[in-house]
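Observations on the three-dimensional arrangement
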Amino acid sequence: MRDVFESTLEKLFTDHVPVETVLSAGREGWLPELWNIIEESGFALASAPEELGGAGASWDDLFSVLLLCGRFSLPLPLPESLLGNWVLGKCGIAALSAPMSVAAEAQLIWEDGAVSGTLQQVPWGRYVQQVVAIVADDAPRVVVLETAACSERVLSTNTAGEARDDLVFKQTIPTVSAPLSNILAADVLTQGGALVRAAQMAGALQEVMRLSSHYVNERVQFGKPIARFQVVQHQLAVLAEHVAAARVSAEAACVESTDNLALLPVMAAKICASEAAGIGASSGHAVHGAIGFTHEYSLHLLTRRLWSWRSEYGSATQWSDELGRAVCKTGASRYWPTITSGALSQ
Amino acid sequence: MTIDQFKYCRIPADAERLRSEVRQFLQQTLTDFPAVRRADSWMGFDAQFSRKLGARGWVGMALPKQYGGADASPFSRYVVIEELLAAGAPVSAHWFADRQSGPQILQYGTQEQRDFHLPAICRGERYFCIGMSEPGSGSDLASIKSRARPAGDKWILNGQKVWTTNAYHAHYMIALVRTSDSESRHGGMSQFIIDLTLPGITVRPIKDLTGTEHFNEVFFDNVELDGADLIGSEGQGWQQVTAELAVERSGPERFLSSMALLNTLIEMVGEHPDRLQAREIGRLTARLFTLRNMSLAVTQQLQDGNNPSWAASCVKDLGSVFEQEIPEIAQLLTETLPTSSGGSDHSRVLAYLMQQAPSFSLRGGTREILRGIIARGLGLR
């Protein structure tokens, strides 16, 4: 399914998500017509099983979708919808097609069928109709909450100007809830968020690379394109290595996340893509010179997202810390076998 | 887009099956192999080990069965190689023959050359070194001056090679030399298979800053070569070398040189790392995991019969940065003082690899050359 997803969505994004659209999303916050187009395409449901309204797409299939979201700086919660519907599907809940998001950071209490607490930093929180969250207690539960039912909102935007909102709920009855599937960890939304952001960053980095290579071949100074200067060539060579690393690591995380998220590849992807994000933003701006620093030129649409996404769903530091503790615990003799097996030893 | 060359792939099951066999073999053959020797990684020389490996059919795997090889896929060879490297096995005796000289002879050699060399290579008994760099020609390999002049049906070779790893122990060298004048920079060169016992050849080891003698100078003083020692076509040396270098650069040794130190570090840190140790070791683990996946993507290209040169250059450059940062990070994470003698396994391996580290981005193509190759692939040159 990956190839057909890629060609279909690439055409759709080329037609409907040009730079001007992304810029206008920066002004208006939410583009309802664009969401309708996404909804009509069916892509937001793709990750749910067929019997629950989806296409039964795997993360392997969806890798190209996530890359494209990153490449085009899609200003909508398509990645979040895919993650939310995947989790709902695992728990036997039908896919949601209305604008939706996920809340990986949530302090929720379940009492007599109602949910109380705060969903933090919900992507597009103020604009979506529903949010998928997990009540993490002795009997973890997945819930879908109507944003209209929240009692309070604390609004903020990330570095890219995208909404990241806290939503407070007081004894709200979820539209639907179910026990969390016992194959999913209580922090599955954080792990899944790390996966989708890694792939989005890989896509954005690819586009930074493309824009930068094009620019340095066009921009003439001292009588020749600046691409001819060794320092520029080497800077972009290093960028290319990191773009490749981000891409392979994100693809590995998607391909290996079959029945469940594959934790080691997901951590490696988030760590490597986050590191690449910093290098990509820095190199992209360096070779573009002042023009790349303007609002009018499209580079910032990518770099501000890279700066945002690298910190979301666990920074490189957080995941490195967790990964380092895990491998030290199992010791040096298990280290290389862990690498070759692709799974953390228990 | 060139980045698309990096497609994630899994190792096929039949190749993966070799892994436990190799691990078992290593457990038996390298039981008391000290950490300091493992740190020598693929530069460690042990003819007996090479022969044992050859007897198991794990040298020259990619070569055809008729020569004692295994007709193995690139992935099968990859699994065996990475297990050897991760364990720091002493593979250098047969390394160059296995990695490039054997395949070079298969690709460009006459039937006689193949019959003469390939079976011995596969037994782990015939050792090769690479004659490319000269004192005046490192990164600018095309500027070499060693010259073979025709003399009837023979050639008389004069000149010098330098930085030749293992020449002191090798039986043969495949050397790039000038055989004619040419207007083109890359023309007029040829490759010869040179018997290093011939009169007129002097091999002098070069001691590196750790005191080890991996490198050598090799002098040719009116060395008489047979016409049959030419490999491939006269005047095609540059093209042949380019193909050889693509193969040379595509393996997992390009990011595994410091594995011994990563192992002693994790052992030293123990089960309960502090925050800095956990973070740095975790980050290194993510990089290692990803470099391996990038290397597998290169292997897939070899399997598909594509030229892996661009992708291999990316992996080598990123890999050497990784190899070099391991000693730098390791020395920040514990208070261990590096020692070049005495001390613990960790302090010895730390000192050794810290000193060897600069060579990781020099050998097999310097960092600057590799980045130029990558830039060319991006359309910037």
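Residues numbered from 1 in each chain as written. Chains lettered and ligands numbered in written order. Predicted model: local features only at pLDDT ≥ 70, side-chain atom pairs only at ≥ 80, totals over all residues.

Moving on: the overall build of chain A. Secondary structure summary: chain A contains 11 helices and 10 strands in total. Here the C-alpha atoms of chain A give a radius of gyration of 20 Å, agreeing with the 20 Å that 2.2 N^0.38 yields for 346 residues. Looking at chain A as a whole, 54% of its 346 residues are labelled buried. (Helix = DSSP H or I, 4+ residues; strand = E, 2+ residues; numbered from the N terminus. Rg over C-alpha atoms; globule rule 2.2 N^0.38 Å. Buried ≥ 20, exposed ≤ 12 C-beta atoms within 10 Å, placed from the backbone.)

So, on to the sheet that holds strand E3 (residues 114-123) of chain A. Residue and element names in this part refer to chain A. Reading across from one edge, E2-E3-E7-E6 is the order of the four strands in this open sheet, with antiparallel pairing throughout. On the outer flanks of this sheet lie strand E2 (105-111) and strand E6 (152-154), each paired with one strand and no other. Within this sheet the neighbouring strands show an average axis-to-axis angle of 10°, counted without direction. The pairing of E3 with strand E7 (residues 164-172) spans six bridges and is antiparallel. In the strand pairing of E7, Thr118 is matched with Val168. (Pairing = 2+ DSSP bridges. Axes fitted to C-alpha atoms, helices over the stretch in contact; angles between N-to-C directions.)

A few words now on the interface of chain B and chain A. Each partner contributes residues to the interface: chain B has 41 residues there, and chain A has 43 residues. For the side of chain B that touches chain A, the secondary-structure elements that each account for two or more residues are helix H9 (259-269), helix H10 (275-303), helix H11 (309-333) and helix H13 (367-377) of chain B. Looking at the side of chain B that touches chain A residue by residue, the class counts come to 20 nonpolar, nine polar and 12 charged. (Contact = placed C-beta atoms within 7 Å. Nonpolar A, V, L, I, M, F, W, Y, C, P; charged D, E, K, R; others polar.)

Okay, the domain arrangement of chain A next. All names here are of chain A. When its domains are assigned, chain A resolves into domain 1 (2-179) and domain 2 (188-326). Between the C-alpha centres of domain 1 and domain 2 the distance comes to 23 Å. Taken residue by residue, the interface counts 26 residues in domain 1 and 28 residues in domain 2. If you list the elements that add at least two residues to the side of domain 1 that touches domain 2, you get helix H2 (19-28), helix H4 (59-71) and helix H5 (78-90). In terms of residue count, the dominant contributor to the side of domain 1 that touches domain 2 is H4 (10 residues). In terms of residue class, the side of domain 1 that touches domain 2 is built from 18 nonpolar, five polar and three charged. (Domains from an automatic or database assignment.)

All names here are of chain B. Relative to the helices and strands, Trp42 resides in the loop between helix H3 (35-38) and helix H4 (47-55). Counting along the chain gives 43 residues from Trp42 to Leu85, while the straight-line C-alpha distance between them is 6.5 Å. Setting aside chain neighbours within four positions, we find Trp42 in contact with Leu85, Val91, Ser92, Trp95 and Glu253.

Looking now at the domain arrangement of chain B. All names here are of chain B. Segmentation of chain B into domains returns domain 1 (2-126), domain 2 (130-240) and domain 3 (249-377). For domain 1 versus domain 2, the separation of C-alpha centres amounts to 25 Å. Between domain 1 and domain 2, the contact holds 13 residues from the first and 11 residues from the second. Elements represented by at least two residues in the side of domain 1 that touches domain 2 include exactly helix H6 (92-108) and helix H7 (111-122).

What follows covers the nonpolar core. A general tendency of soluble globular proteins is for nonpolar side chains to be buried together. Membership of the largest hydrophobic core comes to 232 residues, with the highest contact counts inside it found for Val131, Leu195, Met201 and Ala240 of chain A together with Met173 of chain B. In terms of residue count, the dominant contributor to this core is helix H7 (residues 230-256) of chain A (16 residues). (Core = buried A, V, L, I, M, F, W, Y, C linked by C-beta atoms within 7 Å.)

Now for helix H10 (residues 316-330) of chain A. In this model, H10 of chain A (15 residues) spans 21 Å end to end at C-alpha, consistent with the 21 Å of a helix rising 1.5 Å per residue. Ala316, Trp319, Ser320, Asp321, Leu323, Gly324, Ala326, Val327 and Cys328 of chain A are the residues of H10 of chain A that are buried. Contacts made by the buried residues of H10 of chain A are with helix H6 (188-218), helix H8 (263-288) and helix H11 (335-341) of chain A together with H9 and H10 of chain B. Gly331 of chain A sits one or two residues past H10 of chain A and shows a positive phi near 90°. (Expected span 1.5 Å × (residues − 1).)

With that settled, the discussion passes to the pairing of strand E7 (residues 215-226) of chain B. Residues and elements named next belong to chain B. Where strand E3 (residues 154-161) lies against E7, seven bridges are found, and the strand directions are antiparallel. Each residue of the ladder has a partner; that of Leu157, found in E7, is Val223. Strand direction decides the pairing type here: strand E6 (residues 201-206) and E7, joined by six bridges, are antiparallel. Each residue of the ladder has a partner; that of Val203, found in E7, is Val218.

This paragraph deals with the sheet that holds strand E1 (residues 100-103) of chain A. Within a sheet, each strand pairs with its neighbour through backbone hydrogen bonds, oriented either parallel or antiparallel. All names here are of chain A. On the basis of which strands lie adjacent, the open sheet formed by four strands has the order E1-E4-E5-E8 and mixed pairing. The open sheet terminates on both sides in strands that have one partner only, identified here as E1 and strand E8 (176-179). Taking each pair of neighbouring strands and ignoring which way they run, the sheet shows an average axis angle of 20°. The sheet contacts of H5 involve E1, strand E4 (130-135) and strand E5 (141-146), and relative to E1 the element is tilted by about 70°.

Here the focus is the pairing of strand E4 (residues 172-178) of chain B. All names here are of chain B. Counting buried positions along E4 yields six of seven residues, so the element is predominantly enclosed. When strand E1 (residues 128-131) meets E4, the two strands line up parallel, connected through four bridges. Within the sheet, the bridge partner assigned to Gly131 lies in E4 and is Ala175. Pairing of E4 with strand E5 (residues 189-195) involves seven bridges; the strand directions are antiparallel. Following the sheet pairing, Arg178 is matched in E5 by Met189.

Residue and element names in this part refer to chain A. In this fold, Asn85 is placed in helix H5. Judged by the 28 C-beta atoms lying within 10 Å of it, Asn85 falls in the buried class. Sequence separation between Asn85 and Thr147 is 62 residues, and the spatial gap between their C-alpha atoms is 17 Å.

For the rest of this paragraph, the subject is the packing of H4 of chain A against H7 of chain A. Angle between the axes and distance between the axes are the two parameters that describe a pair of packed helices. Residues and elements named next belong to chain A. One way to put it is that H4 packs onto H7 with a least axis distance of 7 Å and a crossing angle of 145°. Only Glu251, Cys254 and Val255 of H7 make contact with H4, whose side of the interface consists of Trp59, Asp60, Leu62 and Phe63. Partitioning the contact of H4 with H7 into residue classes produces five nonpolar, no polar and two charged.

Time to look at the confidence of the model for chain B. In the predicted model, chain B carries a mean pLDDT of 96, and 100% of its residues have values of at least 70. Here the predicted complex carries an ipTM of 0.97, next to a pTM of 0.97. (pLDDT = per-residue confidence, 0-100.)

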